[in-house]
Every structure is written in structure tokens, then in C-alpha cells.
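# Fold and contact review
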Amino acid sequence: MSAQAPSAVILIRAEKFVPNPATAADNAFQADIPAGQSADITSAQALAEMDAVADALRDAGVRVHVFEDHDHTRPDSVFPNNWLSTHAGGTVAVYPMYASNRRHERRADVLEMLKSSYRVQTIVDYSGLEPDGIFLEGTGAMVLDHVSRVAYMAVSHRADSHVLERFCTDFGYEPMAFDAVDSSGVPVYHTNVIACIGTDVAMIALEMIPDVVRREQVRERLTVNGRKVVELTEAQIREFAGNAVELCGRTADGRRRYIMAMSARARRSLTPEQVAVIEESCEIVAIDIPTIELAGGSVRCMIAGVHLDLRPTEVPPTTAVRAINEDHPVTADGRYVDAGV
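Described below are features of the structure shown in this document. Just so you know, these numbers come straight off a predicted model, no measurement behind them.

## Concerning the sheet that holds strand S13 (residues 256-263)
Pairing in this open sheet of 3 strands is mixed, and the strands run S12-S13-S14 from one edge to the other. At either margin of the open sheet sits one strand with a lone partner, and together these are strand S12 (245-250) and strand S14 (283-287). Adjacent strand axes in the sheet meet at a mean angle of 40° when their direction is disregarded. Taken together, the 5 bridges between S13 and S14 define a ladder with parallel strand orientation.

Take a look at the structure:
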């Protein structure tokens, strides 16, 4: 398994998708539904796009876990990476969410699947910080370098530096917080719209970090181990070029296949030179998701990566378990299990 590129992902198939009015105030990437388009048509188009993402990732050899969501009160549930992250060694993190109507996106069935299918040792839950008005929206708020153990974060309403410090202490990352703004001075709401970190390549809009010293510190930290940086413009960021994710799939004969998943819109915004640098280390897989992008997020936001080890499919029972199964309901010392016998 690659430290940076997970080989399995979680997707949420949200039947009642609609851009969330509760998040429009600070999400400059969010847009309105086309005039005259019904909610049913919008939802149907979004579902087709969600299925296209799942199919494209499966075709690339990525393991895909899809969870249905029929709840019309969770308009942004298609973006599970904001409430959930997983980490090598068996740890899962659950995060505090800024918009109150997003907080019930957290799902026990997703966590139960992870515990039953993967080796999960600990779940660290930060959601109790919500009543204090302190938020850190997962790998939307942070972009994690799992190789060098650095957590990059653009400070915003949804990304609190104190919670970042706490996360980094708990998970063993180096915090690297900075301010990032657009040309109008509006803070970037989520770091993962301006930055993507792969194993050997990173895409980031360094020009949106106004502090020149901090900008160069970020550049140096990204490249210290030989990673190449593709610098994105603000115009490309508005096309969601930064909202991509590296994944590890498999070829038909079982060999590793590294891909960079992004939207077709994002792919169209890249220059041939940028594409060439990216494809030195991974193949670009682009999926057209214009309806979902109305909500202000793209392919990266849709994907919660699974950085956990799979459990064996068949675990032989221990001697103690065999001694009390239904075919032989007697313990090792000869006692019957049934009460009263």
C-alpha cells in the first residue's frame, strides 16, 4: 500500500443532492442551480455523476465502498471527506463541522464498515468541539502529506489552527498553517480546493498565499524530498484544478497503478506542460461532474480515502470459540453452555 495514495475509498450516493444554502456564505466556489431546473432533475443528474465517479475508480482498480443516502436534509453528504479521515496504523478521525445541517452527515454505518472490514484500533472524535464554535473539516480543511507527515491548512471559519495543533499532536503530523485568499481578498474556505499532494507531485496555488515568506516555506516543505510542484493559477483553482486526489489502483494483471482523480473541468484547465509533469508519476482519470461542482466541491471532496489494512476475509475460530459453538456447546472443561444444564 502507498502511504500517500489509498487503494480504497468511501463514496456517498446522495439521492437528494442540492447545493447547500447554509454553506454559500463562505464558499466562493458554490453556484446556483440553472434557472428553471427542478430539484428532481438536479438530483438525477448528480446521481449519474456520482455513479460515473464510482465506475471510473473501479475501472482503475480502486476498491470502492458506496453508501446510499436517502435523507433530503443532508444536501452535502456527497462530500464525506469533511467528517472522516483514516490513517495507517488503524486510526480513524471524526471531525467538527461548521454548518449545523452538515453535522448529521456523520454515519455509524460507515464507521462500522471500517471496523468490520479493516483493522481499526482507535476512533478519535473531535466533533464535541462544535458547541464551542471550533471546527476542522477533515481533509477538506487539511491537505495531508502522509509521507513527510505534514498537515497543510489554509485558516478559515472551517479550519481552526488550535484544532490543527491538537490533530497533529494526536496523529504525529507537523502543522503548517497559512492564510490563503483570492484576488478579492476572500479567504479560501477549504485547503483542498487550492492544493493536492501526491507521492511524487503536488499541485498548489502558491500565488494565493499572500505572505511571501510563508509561501516559500510551503514550497520548500513540499519539495524537500524531491516532490515536483505544479503551480496552479487562481483561474485554474476556480476550475477545481486543485481539487484532485492521488489513488492507487491495480492493472488487470495485478500491478499497482497510480492515478490522479479529478473532474473533466479541472483537467481541461491544465496546460500541456502541467499534464506532462503530473503524468510522470500517475495517470490522470477525469470524470465530468458539473452538477456536483455547483455545491462548491469537486472529485477530491467526494472521496474519503481508506488508509487502513484490510482484515482477512476468513479468520479461523480460536479454540475457545470452537468449544462453545452450536455444534458442540461444551466448554473446554466439560461444562455445558446452555443455562440450567
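Picking up where we left off.
## A few points about unusual backbone geometry
Phi at Arg149 is positive, roughly 60°, even though this residue is not glycine. Mapped onto the elements, Arg149 comes out in the loop between strand S6 (142-145) and strand S7 (150-154). With relative accessibility at 33%, the residue Arg149 sits in the partly exposed group. At Phe240, a residue that is not glycine, the phi angle is positive and equals roughly 70°. For Phe240, the location among the structural elements is in the loop between helix H6 (234-237) and S12.

## What about the nonpolar core?
Residues Ile194, Met203, Val218 and Met260 are the most contacted members of the largest nonpolar core, which totals 39 residues. Secondary-structure elements contributing two or more residues to this core are S7, strand S8 (174-178), strand S9 (195-197), strand S10 (201-204), helix H5 (212-223), S13 and helix H8 (272-278). Counting residues per element, this core draws most heavily on S10, at 4 residues. In this structure Met203 touches Ile194, Ala195, Cys196, Val230, Leu232, Ala241, Ala244, Met260, Met262 and Ile278, once residues within four positions along its chain are discounted. The next biggest cluster of nonpolar side chains, apart from the first, holds 29 residues, and it includes Val9, Leu47, Ala54 and Ile289.

## Side note on helix H4 (residues 161-171)
Among the residues of H4, Val163, Leu164, Phe167, Cys168 and Phe171 are the ones counted as buried. Viewed end-on, H4 has its buried residues packed into an arc of 140°, placing them on one side of the element. What points out from H4, more than 90 degrees from its buried face, is the exposed set His162 and Thr169. The inward-facing, buried residues of H4 abut strand S3 (84-87), strand S4 (91-94), strand S5 (122-125), S6, S7 and S8. Where H4 begins, the side chain of Asp160 points an oxygen toward the backbone nitrogen of His162, at a separation of 2.8 Å. Downstream of H4 by one or two residues, Gly172 has phi in the positive range, about 75°.

## Focus: the side chain of Asp69
Among the structural elements, Asp69 can be located in strand S2 (residues 63-69). Owing to a relative accessible area of 2%, Asp69 belongs among the buried residues under this scheme. Here Ser77 takes part through its side chain, which lies 2.6 Å from a polar atom of the side chain of Asp69. Setting aside its immediate chain neighbours within four residues, Asp69 contacts Ile12, Arg13, Ala14, Glu15, Lys16, Arg74, Ser77 and Arg107.

Conventions we followed
- Residues numbered from 1 in each chain as written.
- Predicted model: local features only at pLDDT ≥ 70, side-chain atom pairs only at ≥ 80, totals over all residues.
- Heavy atoms only, no water.
- Pairing = 2+ DSSP bridges.
- Helix = DSSP H or I, 4+ residues; strand = E, 2+ residues; numbered from the N terminus.
- Axes fitted to C-alpha atoms, helices over the stretch in contact; angles between N-to-C directions.
- Buried < 20%, exposed > 50% of the residue type's maximum accessible area, 1.4 Å probe, protein only.
- Core = buried A, V, L, I, M, F, W, Y, C linked by side-chain atoms within 4.5 Å.
- Contact = heavy atoms within 4.5 Å.
- Arc of directions from axis to C-beta.
- Polar contact = N/O pair within 3.5 Å; in protein donor to acceptor, adjacent residues only side chain to side chain.

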